[in-house]
Amino acid sequence: MGTTTEASGLTAQYKIEVPDPWNGTLVLYSHGYSFGPSPATDVAADDPATKAWLLGHGYALAGSAYATSGWALQQALEDQIAVLDTFNKTTFGTPKRTIAWGHSLGGMITAGLVQLHPERFSGALPMCGVVAGGPGVWNQGLDSEFALTTLQAPFKMVNFTSFGDAANNFNLASAALVAAQKNPEGRARIALSAALADVPGWFKPGSAEPAANDYAAQEVNQLAWDNNPDFLFAFFGRAELEARAGGNFSWNTGVDYRVQLSHSVDRAEVQALYAAAGLDLNTDLDKLNAAPRIAANPSAVAYLTKYITYTGELNMPVLTMHTTGDGLVEVTDENAYASVVRSAGDNSMLRQVFVHRAGHCAFTPAETITAFKTLVHRIDTGRWEDSTDPSAMNANAASLGSSFNVIAVGTQLVPAGPGFLNFYPDRFLRMFDARNGDD
């Protein structure tokens, strides 16, 4: 038997679970974005199967619900350290080592924790994380919306005065998508909008990836990402963060959209759909470049830069994991993170692994456990060696058995074989980090 503690700390609910016997390692989980007053997930773990495996192998688990929902970086970075302090005061005492892990916004928080408090951790596993940093991610989303409102139908993208204001403009943008999808010209422009944020043309976990030249299917999937969940964040998530930051934190001043498209992984799709629709792509790009630009509030940018951008300085092993078909937190975030880590000279501390699957954080428990074991191996031995070879990781994941090799599709768990592959993500389009800001 083990010990479970669920209580209200100084600022937030938290959970601590310690198995018997305990191996001396604490695993601190950071949950993802929550629109509601409390997270939808267990604050000490992700899925029940992964949680059971960790406890069964002697790992203690802990995590905070954070003091607020939304873009709770400021609160989470404080509350997670408070959970570690609370754990140290228990009868179990200070762990021999602590590993940080988390999904989505929790992956961003995980990378932030080990950057700000390296003395508290031995390693980190940010999964499907917003590791390009706040300003870059929100700027890239702004570019996508800017194309839709400029070329299809007007709606407001920033400086929301209330959630009602955000809702009204969410409805306008959603109506613009519906209208655009009805004709070839509109579908080409949806594809352009998606390309400026590198939204993949693959949506449903468990589905086959559309062929490289099946541009019609790719555009339908990009539309699905826009409909849910991307526009929810673009309007309601942005309104929440503007209230925190004290104004608009995104800008597109100085952006050349012809250059942006030339760097996009989706440029061939855009070119093909424009040609099929009989539209002149250069005319639309000229219109985008001539449109009035959006400037940011400097103090709001400063807030988002603090919560958070990355320096690339790693004082411990970090293993990131991402699906290749993630349309909420695009896989190109990983390129941005790797770039700043290389610039800091800490590339030997970082490994990145990729899973060939559509969906945001659509990992099997087997893939998550395999990634965790890989990180522990690096912490134990001091060497990565070939531990992140996709063939070896797939074999390790498969060996866990059928009950761990499943993914959630809707409300059902369906079989899914391990999907690790060799992959190198393209450039993140609106990089912003500790080096030099937007480039």
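The structure displayed is predicted, hence computed values, not measured ones.

## Topic: the state of the cysteines
Here is step 1: This structure, assessed with the given rule, holds one disulfide.
Here is step 2: Between the sulfur of cysteine 128 and that of cysteine 361 lies a disulfide, 2.0 Å long from S to S. Disulfide cysteine 128-cysteine 361: the torsion about the S-S bond is 105°, which places it as right-handed. Of this pair, cysteine 128 sits in the loop between strand S6 (123-127) and helix H4 (134-151) while cysteine 361 sits in the loop between strand S8 (350-358) and helix H13 (365-381), and the two are 233 residues apart along the sequence.

## So, the packing of H4 against helix H10 (residues 281-290)
Here is step 1: In contact at an axis separation of 10 Å, H4 and H10 are set at 105° when each is read in the N-to-C sense. As far as their axial angle goes, H10 and H4 are roughly perpendicular. Residues Phe146, Ala147, Thr150 and Leu151 of H4 form the contact with H10, whose participating residues are Asp284, Lys287 and Leu288.
Here is step 2: Looking at side-chain class alone, the contact of H4 with H10 contains four nonpolar, one polar and two charged residues.

## Quick look at the environment of valine 158
Here is step 1: When you line up the elements, valine 158 lands in the loop between H4 and helix H5 (163-180).
Here is step 2: By relative accessible area, valine 158 is classed as buried at 8%.
Here is step 3: Through-space distance from the C-alpha of valine 158 to that of glycine 247 is 8.6 Å; in sequence the pair is 89 residues apart.
Here is step 4: Residues in contact with valine 158, not counting those within four places in the same chain, are Leu142, Arg238, Glu242, Asn248 and Ile294.

## A short note on the nonpolar core
Here is step 1: Counting residues in each nonpolar core, the largest one holds 49 residues, and the members touching the most others are Trp71, Leu73, Met108, Ile109, Phe121, Tyr310 and Tyr337.
Here is step 2: Of the residues forming this core, the biggest block, seven residues, is contributed by helix H2 (residues 73-88).
Here is step 3: Residues within four places of tyrosine 337 in sequence aside, it is in contact with Ala111, Val131, Tyr310, Leu314, Val318, Thr320, Leu350 and Gln352.
Here is step 4: Counting 37 residues, the second-largest nonpolar core is a separate cluster that includes Phe146, Phe155, Leu177 and Ala239.

## Regarding helix H7 (residues 215-245)
Here is step 1: Helix length check: H7, at 31 residues, gives a terminal C-alpha distance of 38 Å against a target of 45 Å (1.5 Å per residue), a shortfall beyond 12%.
Here is step 2: Taken as a whole, H7 carries its principal kink of about 55° at aspartate 230.
Here is step 3: Trailing H7 by a residue or two, glycine 246 shows a phi angle of about 85°, which is positive.

## Some thoughts on helix H6 (residues 184-195)
Here is step 1: With 12 residues, H6 extends 16 Å between its outermost C-alpha atoms, agreeing within 8% with the 16 Å of an ideal straight helix rising 1.5 Å per residue.
Here is step 2: Taken across its 12 residues, H6 has nine buried, putting it largely inside the fold.
Here is step 3: Along H6, the positions that sit buried rather than exposed are Gly186, Ala188, Arg189, Ile190, Ala191, Leu192, Ser193, Ala194 and Ala195.
Here is step 4: Next to the buried residues of H6 lie H4, H5, H7, helix H8 (257-263), helix H9 (267-277) and H10.

## Structural notes on the pairing of strand S10 (residues 412-415)
Here is step 1: Strand direction decides the pairing type here: strand S9 (residues 406-409) and S10, joined by four bridges, are antiparallel. Residue pairing for S10: valine 409 is matched across the bridge by glutamine 412.
Here is step 2: Counting the residues that bridge the hairpin from S9 to S10 gives two residues, and of these glycine 410 lies at a positive phi of roughly 65°.

## Considerations on unusual backbone geometry
Here is step 1: Along the chain, aspartate 20 connects to proline 21 via a cis peptide bond; the corresponding omega equals 5°.
Here is step 2: Checked against the element boundaries, proline 21 lands in the loop between strand S2 (13-18) and strand S3 (25-30).
Here is step 3: Note that the residue after tyrosine 307, namely isoleucine 308, is joined by a cis bond; omega there is 0°.
Here is step 4: By the secondary structure assignment, isoleucine 308 is in the loop between helix H11 (298-306) and strand S7 (318-325).
Here is step 5: For asparagine 159, which is not glycine, the phi dihedral falls at a positive 55°.
Here is step 6: With respect to the helices and strands, asparagine 159 occurs in the loop between H4 and H5.

## Things to note about the side chain of serine 193
Here is step 1: Along the polypeptide, serine 193 turns up in helix H6.
Here is step 2: By relative accessible area, serine 193 is classed as buried at 4%.

## Some thoughts on the pattern of salt bridges
Here is step 1: This structure, assessed with the given rule, holds 14 salt bridges.
Here is step 2: Of the charged contacts in the structure, one is a salt bridge between aspartate 42 and lysine 15, with a shortest N-O distance of 3.4 Å. In this pair, aspartate 42 sits in the loop between S3 and helix H1 (48-56) while lysine 15 sits in strand S2, placing the two residues 27 residues apart along the sequence.
Here is step 3: Residue classification places aspartate 42 among the partly exposed residues on the basis of a relative accessible area of 22%.

The rules we used
Residues numbered from 1 in each chain as written. Predicted model: local features only at pLDDT ≥ 70, side-chain atom pairs only at ≥ 80, totals over all residues. Heavy atoms only, no water. Disulfide = S-S within 2.5 Å. Helix = DSSP H or I, 4+ residues; strand = E, 2+ residues; numbered from the N terminus. Axes fitted to C-alpha atoms, helices over the stretch in contact; angles between N-to-C directions. Parallel < 35°, antiparallel > 145°, perpendicular 65-115°, else oblique. Contact = heavy atoms within 4.5 Å. Nonpolar A, V, L, I, M, F, W, Y, C, P; charged D, E, K, R; others polar. Buried < 20%, exposed > 50% of the residue type's maximum accessible area, 1.4 Å probe, protein only. Core = buried A, V, L, I, M, F, W, Y, C linked by side-chain atoms within 4.5 Å. Expected span 1.5 Å × (residues − 1). Bend = angle between axes of the 7 residues up to and from the residue. Pairing = 2+ DSSP bridges. Salt bridge = Lys/Arg side-chain N within 4 Å of Asp/Glu carboxyl O.

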